[in-house]
Structure formats: C-alpha cells, structure tokens
Amino acid sequence: MGIKIYTPGHGVITDSLIMYGIVGSLSVRFRESVRGILMSFTGHEYIIDLGDFTLNDVAEAIAYVFDEYGHNITRRLLDEGRVIQLQSRGKLDGIISRLSNVDELKNRLSDLTSKGHTLRLNEGRALKGKIKDMDTIWLALMPSAGKYRLKEFSAVATPYLACILCRGLASLGLYFIGLMSASGGDSLEIIPIFNGEVTGNVIMRYIDVLSNNYINVTDRIRRVLDVLPTDILSKLSLIELSVLGGGQDLIEELYKSSASWHLVSVKFTRGASQLRGYDIVCIDPLIKGLYLVIKGNVAGDVYLIIDTAIRRLISKRRMRATIKGQINVDVDTLDYMVKFLEYRNVDLLYRAVRTAYKDDVVRNQLSYSAIKELAKILGA
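Residues numbered from 1 in each chain as written. Predicted model: local features only at pLDDT ≥ 70, side-chain atom pairs only at ≥ 80, totals over all residues. Heavy atoms only, no water.

1. Overview of the overall build of the protein chain
1) Next: On a plain count of helices and strands, the protein chain comes out with 16 helices and 11 strands.
2) Next: Scaling as 2.2 N^0.38, a compact globule of 380 residues should have a C-alpha radius of gyration of about 21 Å, and the protein chain matches this with 22 Å.
3) Next: Dimensions of the protein chain along its principal axes, counting C-alpha atoms only, are 65 × 50 × 40 Å.
4) Next: Across the 380 residues in the protein chain, those meeting the buried criterion constitute 54%.
5) Next: If you take every contact in the protein chain between residues at least 6 apart in sequence, the share linking residues at least 24 apart comes to 74%.
6) Next: Each charge sign in the protein chain was given a centre, from 48 positive and 42 negative side chains, and these centres are 6 Å apart. (Helix = DSSP H or I, 4+ residues; strand = E, 2+ residues; numbered from the N terminus. Rg over C-alpha atoms; globule rule 2.2 N^0.38 Å. Buried < 20%, exposed > 50% of the residue type's maximum accessible area, 1.4 Å probe, protein only. Contact = heavy atoms within 4.5 Å. Lys, Arg positive; Asp, Glu negative; His and termini not counted. Charge placed at Lys NZ, Arg CZ, Asp CG, Glu CD.)

2. Some thoughts on helix H8 (residues 214-223)
1) Next: Along H8, the residues classified as buried are Tyr214, Val217, Thr218, Arg220 and Ile221. Considered in projection along H8, the buried side chains sweep an arc of 155 degrees and stay on one side of the axis. (Arc of directions from axis to C-beta.)

3. Notes on the pairing of strand S9 (residues 186-199)
1) Next: For S9, the tally of buried residues reaches 10 of 14 residues, placing the bulk of the element in the interior.
2) Next: Examined bridge by bridge, strand S2 (residues 38-41) and S9 share 3 bridges and lie antiparallel to one another. Of the residues in S9, the one forming a bridge with Ser40 is Glu197.
3) Next: In terms of strand pairing, strand S8 (residues 179-183) meets S9 through 5 bridges, oriented antiparallel. (Pairing = 2+ DSSP bridges.)

4. Side note on the packing of helix H1 (residues 12-30) against helix H2 (residues 55-80)
1) Next: Axis separation between H1 and H2 bottoms out at 8 Å; the angle between their running directions is 80 degrees. The orientation of H1 relative to H2 falls into the category roughly perpendicular. Across the interface between the two elements, Ile22, Ser25, Leu26, Val28, Arg29 and Phe30 of H1 pack against Asp57, Val58, Glu60, Ala61, Ile62, Tyr64, Val65 and Tyr69 of H2.
2) Next: Class assignment of the residues belonging to the contact of H1 with H2 gives a composition of 10 nonpolar, 1 polar and 3 charged. (Axes fitted to C-alpha atoms, helices over the stretch in contact; angles between N-to-C directions. Parallel < 35°, antiparallel > 145°, perpendicular 65-115°, else oblique. Nonpolar A, V, L, I, M, F, W, Y, C, P; charged D, E, K, R; others polar.)

5. Section: the layout of surface pockets
1) Next: A volume near 270 Å³ is recorded for the second largest pocket.
2) Next: Around the second largest pocket, the lining is made up of 18 residues, and of these Glu80, Met180, Tyr214, Ile215 and Thr218 lie nearest the centre.
3) Next: Elements that contribute at least two residues to the lining of the second largest pocket include exactly H2, S8, helix H7 (200-212) and H8.
4) Next: The greatest single-element share of the lining of the second largest pocket, amounting to 6 residues, is contributed by H8.
5) Next: Of the residues that constitute the lining of the second largest pocket, the class distribution is 5 nonpolar, 8 polar and 5 charged. (1 Å grid on protein atoms, 1.4 Å probe; cavity = no way out; pocket = protein on both sides within 12 Å on 5 of 7 lines; lining within 4 Å. Points joined across faces, edges and corners; volume = space filled by probe spheres on them.)

6. Considering the confidence of the model for the protein chain
1) Next: Taken residue by residue, the protein chain gives an average pLDDT of 89. The fraction at 70 or more is 93%.
2) Next: In this model residues 148-155 is a low-confidence stretch, pLDDT under 50, and it forms 11 contacts with partners more than four residues away in sequence or in other chains. (pLDDT = per-residue confidence, 0-100.)

7. Thoughts on empty space enclosed by the protein
1) Next: Inspection of the entire model under this criterion finds 2 cavities of 30 Å³ or more.
2) Next: Lining the largest cavity we find Arg220, Val224, Leu236, Ile239, Glu240, Tyr303, Ile306 and Ile310.
3) Next: Only helix H9 (230-242) and helix H12 (299-318) provide two or more residues apiece to the lining of the largest cavity.
4) Next: Class assignment for the residues of the lining of the largest cavity results in 6 nonpolar, no polar and 2 charged.
5) Next: Surrounding the second largest cavity, Ile239, Ser242, Val243, Leu290, Val293, Ala299, Val302 and Tyr303 form its lining.
6) Next: Secondary-structure elements contributing two or more residues to the lining of the second largest cavity are H9, helix H11 (284-295) and H12.
7) Next: A class-by-class count of the residues in the lining of the second largest cavity yields 7 nonpolar, 1 polar and no charged.

8. Re the nonpolar core
1) Next: Of all hydrophobic cores here, the largest spans 132 residues; its most connected members are Leu109, Phe194 and Trp261.
2) Next: Top element by residues in this core is H2. It accounts for 11 residues. (Core = buried A, V, L, I, M, F, W, Y, C linked by side-chain atoms within 4.5 Å.)

9. A word on the pairing of S8
1) Next: Within S8, 4 of the 5 residues are buried, which leaves the element mostly enclosed by the surrounding structure.
2) Next: Counted along the chain from S8 to the antiparallel partner S9, the turn is 2 residues long, and its residue Gly184 has a positive phi close to 60 degrees.

10. Quick look at the side chain of Asp15
1) Next: You can see Asp15 is positioned in helix H1.
2) Next: One buried charge, Asp15, has no salt-bridge partner; the nearest side chain with opposite charge is Lys115, at 11 Å.
3) Next: Polar contacts involving the side chain of Asp15 include one to the side chain of Thr7, which spans 2.6 Å. (Salt bridge = Lys/Arg side-chain N within 4 Å of Asp/Glu carboxyl O. Polar contact = N/O pair within 3.5 Å; in protein donor to acceptor, adjacent residues only side chain to side chain.)

11. So, a nonpolar patch on the surface
1) Next: Residues Leu275, Tyr278 and Ile280 make up a contiguous nonpolar surface patch of about 260 Å² in total accessible area.
2) Next: Its location among the elements puts Tyr278 in strand S11 (residues 274-282). (Patch = residues over 30% accessible without salt bridge, like charges linked within 9 Å, V, L, I, M, F, W, Y side chains within 5 Å. Areas by Shrake-Rupley, 256 points an atom, 1.4 Å probe, with all protein chains shown as cover.)

12. Regarding the packing of aromatic side chains
1) Next: Tallied over the entire structure, the rule returns 7 aromatic pairs.
2) Next: Seen in terms of ring centroids, Tyr46 and Phe194 are 5.2 Å apart; in terms of plane orientation they differ by 65 degrees. Their pairing is edge-to-face. Residue Tyr46 is located in strand S3 (residues 46-49), and its partner Phe194 is located in strand S9; the two are separated by 148 residues in the primary sequence.
3) Next: Ring centres of Phe194 and Trp261 lie 5.1 Å apart, and the angle between their planes is 50 degrees; on these two criteria the pair is classed as tilted. Within this pair, whereas Phe194 is found in strand S9, its partner Trp261 is found in strand S10 (residues 258-269), the two being separated by 67 residues in sequence.
4) Next: By relative accessible area, Phe194 is classed as buried at 2%.
5) Next: Put simply, the rings of Phe41, Tyr46, Phe194 and Trp261 touch in pairs and so form one group of aromatic residues. (Phe/Tyr/Trp six-rings, centres within 6.5 Å; stacked < 30°, edge-to-face > 60°.)

Listed below in structure tokens is the structure:
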C-alpha cells in the first residue's frame, strides 16, 4: 500500500485542479509509472494512492514542472487564456519560484498525507489580517470564491484565502487539464471533474490528448465563444478531442473508467475579474454516444457534419444581414446533433437531420450510409 495524499477540501473544482496538478506533474516526470496511481473522490476530497511513488518523488516532479515550464504556465493562464488577471503576474511568478524548491515542497506536501489541511492552516473566508503565505484564491481556481459574502442587509468583503501550496497546485492543474480560450473581453475555461475511481493512466491520456492538440481546440472554441452557450461549448470541446490524435483511445478510457464524468465551464469578462457564466454538465451520456459512433466507424462522418455546421455558424455571424439568409444554420443544428449523441433517440436523430438538411453546405455532408449507421446506435 503506497502513500496517500488527501486534497485539502476547498471544494470539488479546486480539489480536482490540485489533484490534476499532482498527477500531471508525475506523468511529465515519470510517464508510464503513473499508471499505478489511483484517485478516488469521497465527496469532500480526493484520495490519491501514490502506489510506488514516494513523497520525495512527488516533490521532485512538481518542482521540475514549475522550474521547466513556469514561463509556459504564466503565458497560458494570463496572456493566452486570460483566466487570471494580468495584474496577478507577479503573484503567479512568485508562487512558481517558491514551489520550484524541492525541500520546501516536500515539507508542505507532508501536510497533505492526512485529512484536514484547510482546518489546520485555517484557510477559507474566516481569516482576518495578513497571514504569511495566504492570499486570495483566483476565481479561475475557485469560481465560488467571490470577494463578497452576503449578510442580511448588506455584503461584506470576505475574500477566500488559501495557502501558497493550494494556489500553486491548483494553478498547475489548470495548466495541465484546463481548456482555456479568450475572445474580446470574454474568456472561458473548461475543466473535467469526476466522481468515483480513476487510474493515473486515464488522467495521463486526457492530458496528452489535450496538450498535443491544445492550439487547434482553443482556437475553435475562441471563434464560437460569443456564439454558442457554454454548455454546448463544453460538450463540443469533448467531441473535438475525440477525433484528434489519441482521442478515440481517450473516449474508451473515459467510458470504461469506474467514474461519472462532468465538465465545468466557467466564463469570465473584464479581464477575468468578473464571473459571467458557470455550468456543470454530466457528460456520461455523451461519452457513451461517442464510444458507440467510434465503434461503429462513423465518428468521422458525425464530426464532419458538426464541423461544417460550426464553420457555417461562424460565417453567418460575420456576414452582412442581407446575406445571412443564404446560411440556414443555427444553434439548434448543433444542439440536436449533440443531444442525439447523448440520448440516441429516433426523434432527436430526425430533428438533427432535419435541421442539418436546411443548409445546402451541411446537407452535402449528410449521406445515407452515415445516417444508417447512426440509426444502428438508437437506444444502445
């Protein structure tokens, strides 16, 4: 039985990011050995069974990533994804510098080998005054951590404070597994979370597929950020990943894992200073639908229809009003296709085909053989 690490208990999103920060670092530093790690969610925190890894291995891996990829982390979270305010650059750089030290990391990580980290360090909203190594946690790491707490007739400023380790590991997890994109004054992050038990191999697979295709996926999301609602955007991101290199294996891993999966999408505005939208959607039905179309060798046809619809929707958004009538694609075209993949209902297939058929270009991507294959997965 290996050493166990217990995430602090800041809530499912922050603790998920902390867990991804730890497991992601190990997968970068030790690769295939991460398969022996096992993560389970208790409802309050994640338990990470490190298998053959020692606490020193974990500290070494995290310090290595911060030291080797610190500049990339800052660039992705602040400059490209814009999910953390630009004025926080100094604070993030300071965290990266401090947590590049193996000895300091090992000392701090030792407190996570037992439950109750947040209580022992008195983290949260109850703190008063300035306490060493404590600071306000960014909304990107905890969307519920707004500055104000409502009282009966007023709101008082009570920021949620967390230690440097929690903020650092959560930032690292967001870098590894968060899909972040920005357009205009808005930005969006999409994070997978799970309830159940998952092996290190699943997390490593997800991180690999995302990192290898990150630019393409974030660019696609950026172009429809102000066109589609966040719940559809998050599901489309999974569909996008499923057809990219390693994506089919990822879907199979997610489908066969002993866990229930959700996608969290958080939308920000005004330089990531304000929360604009927040959704958590269960993607278990979509994972099964994608698994079935992959097994039926029709995933490429489905993606081609969705991809064409997205491109037409973007064109429609940009074109003059007098020409828009030539493009007969709307949000429903994508919504019905995604819902069919989720619920595999004959009425949803009919509606998806009917809305797709309205547009000449999307219609050209439909084929009798593709629709016939899709019909085979009805009720599966």
